[in-house]
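The primary structure of each chain is shown beneath.
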Amino acid sequence: MEKTPVAGVDQGGRVLDEEAAGPREDDVDDLILELLETIHSVSSFGDYRRMHRKECFSLVRWMKLVVPMLEEIKELQDPIPDAAYHRLCCLHKAFTAARKLLRCCHDGSKIYLALESEAVMGRFHMVYEKIKESLDGMPYEQLGITDEVKEQVGFARPVELLSLQLKRAKRRTDTQDMELAMDLMVLLSQNQDRNADGAILERLAKNLELQTLPDLRAETMAIKKLIKERGGQSGESARQIVDMLGKFKQIAGIEDSNGLDDVALPKYLEKCPSLMIPNDFLCPVTLEIMVDPVIVASGQTYERRSIQKWLDAGHRTCPKSRQILAHLSLAPNYALRNVIHNWCEKNKIELLKREQIEDSDSLDGKEDIPTLVEQLSSIHLDVQRKAVKKIRSLSRENPENRVAIAKHDGIPALVSLLNYPDSKLKEHTVTALLNLSIDELNKRLIAKEDAIPLIIEILKNGTVGGKENSAAALFSLSMLDENKELIGSTNGIPPLVDLLQNGTIRGKKDAATALFNLLLNSKNKVRAINAGIVKPLHTLLDDRNLGMEDEALSIFLLLASRPEGRGAIEKHSFIEKLVRLIKEGTSKTKECAVAVLLELGSHDASFTSTLMQFGAFEHICEIERSGTNRAQRKAKTLLQLMRQCQLPRSLARLKS
C-alpha cells in the first residue's frame, strides 16, 4: 500500500512552502526506510514474464545502485538540505511506480503483456525518466556523498547513463519483438480457421510460456484479476486477450467454452468436492490424482499418460522444473502409487484403472496410422488419395497424431508423393506436411527429407489451394533459422513474391506472412529485392480493400534497413503514400508508417527532405501527441530529424 508523502511535499514531490517543507529527522528516516523497503521488495520478486524480463532485471539493477547513497544519507548526523529531501520524495514516487510495474511483469497476464507491449515499454521509459529527474538535481556535494559511492552508482554522469539505458531498451523493442508482433498481427486479423494459425499459435505459446496446464491456469487467474481491476469491463483488448487464451487452451487439449472457465471437477470427486487431496497425489500437468505415477530424470513424479504425451510432442524438459532431461526413461513410483491407492480406499474414491484409461485412448476413432502410412505407397491412386486425405485430417486434429505419423515414417512417404503428377494429390500432401510441420521436430525431419525444393515447385506450378498451402508450409518451416536460409538459397523467394502480386486474398496473406519471416534473414532481404518485392508491396498499400497495409509496411520496415532496399524505393511516390496513411490510417497503420519513415530518414536525409515537401509535420506532431506509445516515440525522433533537416534550409534563406 502506497504511503502518503510527508507534510510539506505534495503527491508530485513539489515543495509547497519553504518553511513548512523543512524535513524533520524522523520524516527523513521514514522516507529512506520506505525507499530501502521498496528496493528489497522488488529484489524478492525473482523471475519475470519472458516478454519484459530483460527490462525488469535492468530496472531492478538500477534501483539497487541507489542503496549505497541511501545508506550514507541515513548515517548523516546533520539535517539534510530541503533540495535533497525534495529529490528523495520524487524518488519515492518513481520507485512506487517501478514496484507496481515490476509486480505486473512478475505475475500479470502474459497475453496482456504481449498485446500491450508498447504500452508496458512506455511505462518503463516513464519510470526511467522519473528516476533520472529525481537524481539529476540531488545535491551530492552538500550531502557529502563519498567519491567511492559516486563512482559505484555512476552519479557523476546520471543523464548520460540513463539515456544510454533508454536507447538500449528501445533498440531491444524494435528488434527482438518484431517476430512476436507479426505473429499477433496475423492471428488477430484472421477471421477463418487457417492451417498456418496452428504453427503461429505453437510458437506464441512457446514464446509466452503458456504450454502446460499449470501455466494456463495461472494465466486464467491473471486475466480474471485484470478484468476485475478494470471494473469488470470487457473492451476490445480484453476480448482479444480472452480469445487468445481460449486458443492456447485448445492446442493444449483443454476444453473451455469462453476462455475463462474454471477447470471442471474430476468425475471421481463429484460426490465429495470438499475433500482435501494431498498435493503430492496430484500430477503437476493435469492436477488430477495420479493412477500410474512415474519418475522422470529430474526426479519429479507425473501421471504416466500425461508425461508420455509431453515427451511424444517433442519436449525434452521437465514440465515443472524446466530442467533438460538427461534421459527419457520413466520409472514407476510404486511407493507413491500404494499410498494413493490406500488413501483412495479409505476415502471411498474410485479411480479409473490403468486398463480403462488405455482403452479410452484406443477408442478415439482414429484410423490405424501405420496402415495409412503403408497405403501412401500403394500402386492404386485412389488408395493413396484416401490415405493422404485421412493423414491430412489426423495431422490437423492434435499433437499426438502429428508425433505418431512421424514416428511411423509418414514424413518420407508423404515427401515422395510431392513428385507425383496428380495435382490434387500433391495439394493434399503439401497440406498434410504443413499440419505436421507445426511440431518443431517435424520441421527438421521435413527439411532433412529434401521436401523444401519440392514444396517450392508446387508453389510455382500447383493448384490455387496447393500454392496457398505451400506458402503456409514455407512459413511454418521458416520458423527454424536454418530453414530460412535453405528456402532462400533454393529460390523460394521469387514464387512467394509472385503469389503476393497475383494470388487470391488468402494467398497474398500467406505469402506476406512467409516473406516477413524469411526476411528476418539478411540475405533473403536482398533476394526479395532482386525478385521485385517492392512492386506488390506498393499494390497492397494502394488497394485498401485488401486490408493488408500493416503487413506491407512491416515488410518495408525490414527492407529499409538495407541500402539495396532503400535504393529500390521510389522516394517521391512512396513517401506520398506513407503521408496518406499517416493522415487516414488506423492507429496501428500510422505507427507502422512512422516507423518506416524513421528508418528511411535515419539512413538517408533525402527521405526526410522529401517528407517535408508533403506537409506531414503537423500530422506527425498529432501522432506524437495521441498515437500509440511506440508511435509517439517514433514520431518524436522523426520530428527531431525533420527539424534538423529544416535548420540548414532556414540558414540558407537567411544568407540569401
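Residues numbered from 1 in each chain as written. Predicted model: local features only at pLDDT ≥ 70, side-chain atom pairs only at ≥ 80, totals over all residues. Heavy atoms only, no water.

Quick look at the overall build of the protein now. A count of helices and strands for the protein gives 36 helices and 3 strands. Residues classed as buried in the protein amount to 49% of the 656 residues present. Counted over contacts in the protein with a minimum sequence separation of 6, partners at least 24 positions apart contribute 69%. Per element, the accessible surface of the protein, about 31,900 Å² overall, is 50% carbon and sulfur. (Helix = DSSP H or I, 4+ residues; strand = E, 2+ residues; numbered from the N terminus. Buried < 20%, exposed > 50% of the residue type's maximum accessible area, 1.4 Å probe, protein only. Contact = heavy atoms within 4.5 Å. Areas by Shrake-Rupley, 256 points an atom, 1.4 Å probe, with all protein chains shown as cover.)

Here Thr431 lies in helix H21 (residues 423-436). Judged by relative accessible area, which is 0%, Thr431 ranks as buried. Distance from Thr431 to Ser393, taken between C-alpha atoms, is 9.5 Å for residues 38 residues apart in sequence. Polar contacts involving the side chain of Thr431 include one to the main-chain carbonyl oxygen of Glu427, which spans 2.7 Å. (Polar contact = N/O pair within 3.5 Å; in protein donor to acceptor, adjacent residues only side chain to side chain.)

Attention now goes to helix H34 (residues 605-613). Within an α-helix, residues lying three or four positions from one another point in the same direction, as the helix has 3.6 residues per turn. Considered for burial, the residues of H34 that qualify are Phe607, Thr608, Ser609, Thr610, Leu611 and Met612. Just beyond H34, the residue with positive phi is Gly615, at close to 60°.

Positioned with a positive phi, Glu209 is a non-glycine residue whose angle comes to about 55°. Within the secondary structure layout, Glu209 lies in the loop between helix H11 (195-207) and helix H12 (213-229). Residue class for Glu209 comes out partly exposed when judged on its relative accessible area of 26%. Non-glycine residue Asp409 carries a positive phi angle of around 60°.

Attention now goes to the side chain of Thr608. With respect to the helices and strands, the residue Thr608 is situated in helix H34. With residues up to four places along the chain from it excluded, the contact list for Thr608 reads Gly601, Leu641, Met642 and Cys645.

What follows covers helix H28 (residues 522-530). Buried residues of H28: Asn524, Lys525, Ala528 and Ile529, and no others. Viewed along the axis of H28, the buried residues span an arc of 140°, placing them on a single side of the element. Exposed side chains of H28 directed beyond 90 degrees from the buried face belong to Lys523 and Asn530. As for H28, its buried residues are in contact with helix H25 (481-489), helix H26 (493-502), helix H27 (505-518), helix H30 (549-559) and helix H31 (563-568). Sitting at the head of H28, Asn521 places a side-chain oxygen 3.0 Å from the backbone nitrogen of Lys523. Note on H28: the residue one or two positions beyond its end, Gly532, has a positive phi of about 85°. (Arc of directions from axis to C-beta.)

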